[in-house]
Amino acid sequence: MIYLVAVLCVLGIAGGQILFKLSAASLQRVGIFDPQTLITLFTAFALYGITTIAWVWVLQKIELGKAYPLMAMAFVLVPIGSHFVFGERFSVQYFVGVALIMSGIVVALKA
C-alpha cells in the first residue's frame, strides 16, 4: 500500500510538470489573465500540494532511502508524457538513459 501511494506521488509530480508546461505555453500565448491559463496553473499547484501531503505520509511509513529512488521514475514519466502531450521526440541515447534509470531504481529498491 505504501509503495502504491509512493508511485501515485510520482505520477502526480509527473502530471504536475506536464500541467506546468501547458501553463507556460498558455502564458506565452495569451497571458496570465486568461481563465484557461489560470485553471491549468492552479490545477498544477493543487496536484503538487496533494502529492506533497501524500509524500509526507509515505515518508512517515518508510525510510527516505527506500522511497526516494521511486522519484527517479519522474525522469522517465515526464518525457514520455511530453511526447504524447507536446509531440516531443527523443534520441536513442534518451532510451539508453531511461534503461539505466530504471535499472538503478530496481537495484536501489532491492538493496
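Residues numbered from 1 in each chain as written. Predicted model: local features only at pLDDT ≥ 70, side-chain atom pairs only at ≥ 80, totals over all residues. Heavy atoms only, no water.

## Points about the packing of aromatic side chains
- The tally for this structure, following the rule as stated, stands at five aromatic pairs.
- Feature note: the residues F20, F42, F45 and Y48 constitute an aromatic cluster, connected by ring pairs. (Phe/Tyr/Trp six-rings, centres within 6.5 Å; stacked < 30°, edge-to-face > 60°.)

## So, the side chain of T51
- Inspection of the secondary structure puts T51 in helix α2 (residues 35-61).
- Among the polar contacts listed, one links the side chain of T51 to the backbone oxygen of L47, at a separation of 2.6 Å. (Helix = DSSP H or I, 4+ residues; strand = E, 2+ residues; numbered from the N terminus. Polar contact = N/O pair within 3.5 Å; in protein donor to acceptor, adjacent residues only side chain to side chain.)

## Notes on helix α1 (residues 2-30)
- With 29 residues, α1 should reach 42 Å at 1.5 Å per residue; the first-to-last C-alpha distance of 41 Å fits that figure.
- Restricting attention to buried positions, one finds in α1 the residues V5, A6, C9, V10, G12, I13, A14, G16, I18, L19, S23 and S26.
- Those residues of α1 that are buried lie in contact with α2, α3 (64-71) and α4 (74-86).
- In the stretch just after α1, G31 is the one whose phi turns positive, near 95°. (Expected span 1.5 Å × (residues − 1). Buried < 20%, exposed > 50% of the residue type's maximum accessible area, 1.4 Å probe, protein only. Contact = heavy atoms within 4.5 Å.)

## Observations concerning the nonpolar core
- In this structure, A6, C9, V10, W55, V58, A67 and M71 are the most contacted members of the largest nonpolar core, which totals 14 residues.
- Those elements that provide at least two residues to this core are α1, α2 and α3.
- Looking at which element gives the most residues to this core, the answer is α1, with five residues.
- Filtering out sequence-adjacent residues up to four positions away, A67 remains in contact with W55, V58, L59 and I62. (Core = buried A, V, L, I, M, F, W, Y, C linked by side-chain atoms within 4.5 Å.)

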